[in-house]
Amino acid sequence: MIKFPKMVLIICIILIFSASIGLSQLTFKGEYNVFFDPSNPQLQAFEIIQSRFSKTDSMAIVIAPNSGNVFTPNTLKLIKQLTDAAWQTPYSSRVDSLTNYQHTEATEDELLVDDLVADSFEFSTENIHKVRLIALNAPETKNAIVSSNGDVSVINITVQLPNKNMTAEIVEVYDYVSQFLLEYQEKYPDVHFYKAGLVAMNYSFIASAKKDIMTLVPIMLLVIMVFLTLMLRSVFSVFATMIVVTSSVTTAIGLASWWGVAMNIASVNIPTLVLTLAVADCVHIIATMRHQMAKGESKSKAILYSLKINFVPVIITSLTTAIGFLMMNMSDSPALRSFGSLAALGVMLACLFALTLLPALLKLFPNAQLPLHNDDAPNYMDSFSAFVVAKKNLLLVGSVVIIVISAWLISLNRINDEPAKYFSEQSEFRQAADFMQTHISGMGSVSISIDSNEEHGIVEPEFLTEVDSFTEWLRAQPEVDHVTSLTDILKRLNMNMHGDDRFHYRLPENKELAAQYLLMYEMSLPYGLDLNNQINIDKSALKIQVITKNLGSDESIALEQRIYNWFNHNSTSKDPYIVQASSPFMMFAHIGATNMKSMLISLPVSLLMISVLLMLSLRSFKLGLISIIPNMVPAVIGFGMWALISAEINLALSVVASLTLGIVVDDGVHFLAKYKAARQQGYGPEEAIRYSFHHVGQALWITTVVLVAGFSVLAMSTFRLNSDMGILSSLIIFLALVIDFLFLPSLLIVFSRRDCTHVNTDSKLN
């Protein structure tokens with residue numbers, strides 16, 4: 001690197017440029033299903049339901065007039081106009097609204113099926129009052145397309161996306177709806193519009209990712225430059241470091257693009273993460289070079305010495321960090337597996353460039369030597385180390401007490417994922433979700449498929465009776481806001497066919513009658529408003545659609561379990577019906593819990609691998625064993641403190657322990673390496689501690705500050721999974737430094753007392 005820096009630079013440029021070409025192939029997947037494996041049971045169940053019935057991907061328009069009443073001529077006309085416009089939405093297959101609700105009523109011997117607000121509708125006070133009575137009393141409309149008090153209405157646009165480029169299709173649908181809503185907003189300034197539904201949630205994933213990549217990476221670069229400038233006080237050293245870290249990111253993303261890896265809402269933050277981690281390697285190399293140049297060594301010799309001293313520690317710390325990220329491949333979520341693999345690749349590339357490109361740049365840049373004081377002179381770390389050694393017993397006892405309390409606090413955390421709260425309160429989707437929850441219904445949903453096991457079995461009286469009982473049970477559940485069930489339509493038709501007599505609002509008495517009603521009703525429905533969203537082709541199964549409040553994962557899973565238990569305990573059929581319940585919200589509810597189990601299995605594996613690696617690198621079985629404690633303690637304290645901060649563990653936080661394990665090892669490796677070197681030179685345990693603080697303490701402090709700053713930038717993400725990961729990771733990384741500075745020295749002294757050899761500290765340091 002020193003003899004032929006230009007050659008090294010050229011080789012690195014070729015590698016970086018070749019990888020960067022792959023950026024032209026970079027793709028992005030913003031839809032929610034990137035978080036789920038094709039083998040995910042809940043995803044498979046949902047896809048089966050989607051294939052048997054029409055899809056439930058939808059874009060919902062929430063209409064909230066300032067008057068607090070949708071049953072006015074002006075608002076009803078608006079809803080009707082928007083309903084007509086919504087049919088032009090790309091990929092739309094169905095539009096449901098208050099005005100096109102298919103109302104049925106009897107006129108003498110005829111059954112009339114028509115829009116609730118038809119084209120010929122006269123907006124008189126009497127007619128509007130009738131519409132209000134119907135809408136607020138029909139179980140199909142109340143809390144689905146109109147709120148129970150009539151202040152909010154919803155237009156639901158069902159779309160059939162081709163799935164050729166789902167991200168682009170989602171954006172196309174969302175942008176189209178947004179555009180025509182802008183036009184109506186100008187015409188109706190006294191009405192508020194909100195966009196909700198699965199399409200809006202997917203779009204929010206995409207928008208959050210774009211916002212993160214456009215804001216967090218520049219902020220991270222700025223933070224790194226400021227910190228390095230303040231701490232290294234050398235423009236050329238900072239410039240060299242920035243070249244290395246940006247090269248690491250560019251090469252990692254470029255290579256991933258060559259391999260066909262698509263970016264997603266989680267992996268878009270890989271640049272921020274790699275930028276942060278790459279700095280640590282550079283700081284250690286520059287700090288050691290600075291130490292030697294302060295002694296009077298030439299720049300070349302100082303760089304060579306720094307490479308000799310830091311070569312193994314940088315490789316070991318990079319490997320341990322990469323192992324921590326690679327353990328994320330045991331996650332049940334493809335998005336997190338991709339995140340782990342890309343981060344591991346970026347870390348190892350950062351290691352490669354730190355050991356090759358950085359020395360070459362330092363050699364080539366003029367005035368690379370830093371205006372430093374004598375590094376052998378006493379510094380603030382000497383005073384700190386003296387305090388640690390003097391208070392070792394107190395620090396040891398205090399640390400153990402805090403660890404025990406933190407371990408107990410961990411039990412207060414609960415695994416909980418609430419997709420609506422993945423987004424900041426400033427996002428349109430979150431505002432829509434919160435508004436809907438307050439005024440009409442939550443955005444949670446469950447699709448329940450009930451298979452009768454026979455063709456046309458859904459019109460069997462026994463089957464219908466059981467489905468109707470189940471529907472009523474669902475409506476009584478505290479989490480449920482609305483239930484769409486075929487039995488409501490059949491009861492309404494039976495009433496219509498008996499002169500609209502409310503006494504006959506019940507299921508038809510026999511199979512033939514139910515089949516006739518259903519056939520007559522289906523033949524009367526207009527195009528696009530058929531019953532394919534509720535019954536399958538051979539009429540062997542039907543689907544019940546449930547709208548729930550915005551539930552956490554534990555509440556969703558509890559509801560799902562009660563659904564299955566109801567059929568287990570209440571079904572009277574000799575041939576048990578096949579029941580499947582799923583939805584994207586239910587999938588997110590399960591993934592957090594299953595992912596946590598996978599990570600708990602992977603954690604001991606990664607800990608064992610890292611510990612063996614440390615034993616080999618330090619060539620000390622005892623130091624390797626001792627290192628296990630400070631490596632695990634930061635996560636224990638961090639998750640304990642999280643119980644006081646939030647107490648909710650979501651999908652992203654379930655991988656933080658594995659993610660940070662490899663990172664927190666870094667400081668310990670450098671500290672233990674210096675401690676071991678001092679012991680081999682004849683230092684006693686306490687003097688070796690002072691030696692370690694003196695020679696590596698400042699570098700550890702600098703790297704930790706940069707790492708915490710980097711993850712704190714990630715905490716600024718508008719996507720909660722990323723921000724929570726950033727907050728807890730930065731907390732654990734900071735705690736790792738505290739543990740290495742306060743707890744680890746006490747441990748080393750305690751375990752080394754038997755072979756303690758006292759040596760004059762001043763003579764050794766001087």
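Not measured: the values here are computed from a predicted model. (Residues numbered from 1 in each chain as written. Predicted model: local features only at pLDDT ≥ 70, side-chain atom pairs only at ≥ 80, totals over all residues. Heavy atoms only, no water.)

Undergrad: Hey, could you run me through the pattern of salt bridges in this one?
TA: Pairs may arise between side chains of opposite charge once their charged atoms sit close together. All told, the structure shown has 25 salt bridges when counted by the stated rule. Notably, a salt bridge pairs Glu686 with Lys392, separated by 3.2 Å at the nearest N-O pair. Residue Glu686 is found in helix α22 (residues 685-714), and its partner Lys392 is found in helix α13 (residues 392-410); the two are separated by 294 residues along the sequence. Of the two residues, Glu686 and Lys392, neither departs from the other in class, the shared state being buried. Several salt bridges converge on common partners, so that one network encompasses Arg414, Asp554, Glu648, Arg720 and Asp724. (Salt bridge = Lys/Arg side-chain N within 4 Å of Asp/Glu carboxyl O. Helix = DSSP H or I, 4+ residues; strand = E, 2+ residues; numbered from the N terminus. Buried < 20%, exposed > 50% of the residue type's maximum accessible area, 1.4 Å probe, protein only.)

Undergrad: Can you walk me through the UniProt feature "domain: SSD" (unreviewed entry) in the chain in this structure?
TA: Mapped onto the present numbering, the UniProt feature "domain: SSD" (unreviewed entry) falls on residues 239-364 and 623-750. Counted over residues 239-364, helix gives 82% and strand 2%. Its end C-alpha atoms are 12 Å apart. As annotated, residues 623-750 has a helix share of 85% and a strand share of 2%, and its two end C-alpha atoms lie 12 Å apart. (UniProt positions renumbered as here; feature names shortened; annotations may be inferred.)

Undergrad: Is there a simple way to explain the nonpolar core in this structure?
TA: If you look at soluble globular proteins, the nonpolar side chains tend to sit buried side by side. In terms of nonpolar packing, the biggest core is built from 214 residues, with Phe35, Phe205 and Phe325 touching the most fellow members. Sorting elements by how many residues they give to this core places helix α23 (residues 720-751) first, with 16 residues. Beyond its immediate stretch of four places on either side in the chain, Phe35 contacts Phe205, Ile265, Asp332, Ser333, Pro334, Ala335, Phe588, Ile591, Leu651, Phe719 and Leu721. Within the second largest apolar cluster, 38 residues are counted, among which are Phe463, Leu486, Leu551 and Val579. (Core = buried A, V, L, I, M, F, W, Y, C linked by side-chain atoms within 4.5 Å. Contact = heavy atoms within 4.5 Å.)

Undergrad: Which parts of the structure should I look at to understand the pairing of strand β11 (residues 480-484)?
TA: The two faces of the sheet receive side chains in turn, since in a regular strand these alternate between them. Taking burial as the measure, the 5 residues of β11 include 4 buried ones, the bulk of the element. In the sheet, β11 pairs with strand β12 (residues 541-548) via 4 bridges, with the strands oriented antiparallel. Each bridged residue has a counterpart across the sheet, and for Val483 the counterpart in β12 is Val546. (Pairing = 2+ DSSP bridges.)

Undergrad: So what exactly am I meant to see when it comes to the environment of Ser298 here?
TA: Residue placement: Ser298 occurs in the loop between α8 (270-294) and α9 (299-326). Overall, the relative accessible area of 37% leaves Ser298 in the partly exposed class. Reaching out from Ser298, the side chain makes a polar contact with the backbone nitrogen of Lys301 at a distance of 3.3 Å. (Polar contact = N/O pair within 3.5 Å; in protein donor to acceptor, adjacent residues only side chain to side chain.)

Undergrad: I keep staring at the packing of aromatic side chains and nothing clicks. Help me out?
TA: We describe a pair of aromatic rings using the distance from one ring centre to the other and the angle between the two ring planes. One pass over the structure, following the stated rule, counts 29 aromatic pairs. Residues Phe121 and Phe123 carry aromatic rings whose centres are separated by 5.0 Å and whose planes lie at 75 degrees to one another, so their mutual orientation is edge-to-face. You can call Phe121 buried: its relative accessible area is 16%. Between Tyr422 and Phe719, the ring centres sit 5.7 Å apart and the planes meet at 75 degrees, which makes this aromatic pair edge-to-face. Of this pair, Tyr422 sits in the loop between β9 (414-415) and α14 (428-439) while Phe719 is found in the loop between α22 and α23, placing the two residues 297 residues apart along the sequence. (Phe/Tyr/Trp six-rings, centres within 6.5 Å; stacked < 30°, edge-to-face > 60°.)

Undergrad: How do you make sense of the domain arrangement of the chain when you look at a structure like this?
TA: Buried accessible area, meaning the area lost when the parts come together, often serves as the stated size of an interface. Examined at the domain level, the chain breaks down into domain 1 (1-30 + 201-367), domain 2 (52-200), domain 3 (378-411 + 592-754) and domain 4 (431-587). Of the residues lining the interface, 44 residues belong to domain 1; the matching set on domain 3 comes to 45 residues. Roughly 3,800 Å² is buried in total at the junction of domain 1 and domain 3, and carbon and sulfur atoms are behind 79% of that figure. In terms of surface lost to domain 3, no three residues of domain 1 exceed His284, Thr320 and Met327, which account for 14% of the buried area on that side. Linking domain 1 to domain 3 there are 0 salt bridges. Taken together, the links from domain 1 to domain 3 amount to 1 residue pair in polar contact (both at pLDDT 80 or more). Classifying every residue of the side of domain 1 that touches domain 3 gives 27 nonpolar, 13 polar and 4 charged. (Domains from an automatic or database assignment. Buried area = accessible area lost by both parts, 1.4 Å probe. Nonpolar A, V, L, I, M, F, W, Y, C, P; charged D, E, K, R; others polar.)

Undergrad: Would you explain the sheet that holds strand β2 (residues 58-65) in this entry?
TA: Whether parallel or antiparallel, the strands of a sheet pair through hydrogen bonds between backbone atoms. Pairing is antiparallel across the open sheet formed by 4 strands, whose spatial order is β3-β6-β2-β7. For this open sheet the edge positions go to β3 (92-96) and β7 (191-196), each flanked by a neighbour on one side alone. For this sheet the average axis-to-axis angle between neighbouring strands, irrespective of direction, equals 15 degrees. Packed on one face of the sheet, helix α5 (residues 166-187) meets β2, β6 (153-159) and β7 and runs near 175 degrees to β7. Of the strands in this sheet, β2, β6 and β7 touch helix α6 (residues 198-232), which is tilted by about 100 degrees from β2. (Axes fitted to C-alpha atoms, helices over the stretch in contact; angles between N-to-C directions.)

Undergrad: Looking at this structure, I do not really get the sheet that holds strand β13 (residues 578-582). What am I missing?
TA: Taking strand neighbours across the sheet as the criterion, the 4 strands line up as β11-β12-β10-β13 in an open arrangement whose pairing is antiparallel. The strands lining the two open edges of the sheet, one partner per strand, are β11 and β13. Ignoring strand direction, the axes of neighbouring strands in this sheet form an average angle of 20 degrees. Examined bridge by bridge, strand β10 (residues 444-451) and β13 share 5 bridges and lie antiparallel to one another. Bridge pairing links Ile448 to Ala581 in β13. Set on the sheet, helix α2 (residues 41-52) makes contact with β10, β12 and β13; between it and β13 the angle comes to about 110 degrees. Helix α18 (residues 553-570) contacts β10, β11, β12 and β13 of the sheet and is inclined by roughly 170 degrees relative to β13.

Undergrad: Could you clarify how one ought to interpret the pairing of β2 in this entry?
TA: The buried fraction of β2 amounts to 8 of the 8 residues, a majority that puts the element mostly inside the structure. Neither face of β2 is left uncovered, since the one carrying Ser58, Ala60, Val62 and Ala64 and the one carrying Met59, Ile61, Ile63 and Pro65 both have all their residues buried. Here β2 runs beside β6; their pairing, made up of 6 bridges, is antiparallel. What sits directly across from Ile63, in β6, is Ser153. Pairing analysis gives 6 bridges linking β2 to β7, with the strands arranged antiparallel. In the sheet register, Ala60 faces β7, and the bridge partner there is Ala196.

Undergrad: In this structure, what is going on with the environment of Ala207? I would like to understand it.
TA: Examined against the element boundaries, Ala207 turns out to sit in helix α6. Spatially, the C-alpha atom of Ala207 lies 26 Å from that of Ala344, the residues being 137 residues apart in sequence.

Undergrad: For this particular structure, what's the right way to read the environment of Lys299?
TA: Its place among the elements puts Lys299 in helix α9. Given a relative accessible area of 18%, Lys299 falls into the buried group. As for Lys299 and Met289, which are separated by 10 residues in sequence, their C-alpha atoms are 7.8 Å apart.

Undergrad: What should I look at first to understand unusual backbone geometry in this one?
TA: In most cases, non-glycine residues show a negative phi, while peptide bonds are predominantly trans. Residues other than glycine seldom take positive phi values, yet Tyr91 does so here, at roughly 70 degrees. For Tyr91, the position within the fold is in the loop between α3 (73-86) and β3. Phi is positive for Asn453, close to 75 degrees, though the residue is something other than glycine. Tracing the backbone shows Asn453 in the loop between β10 and α15 (461-475).

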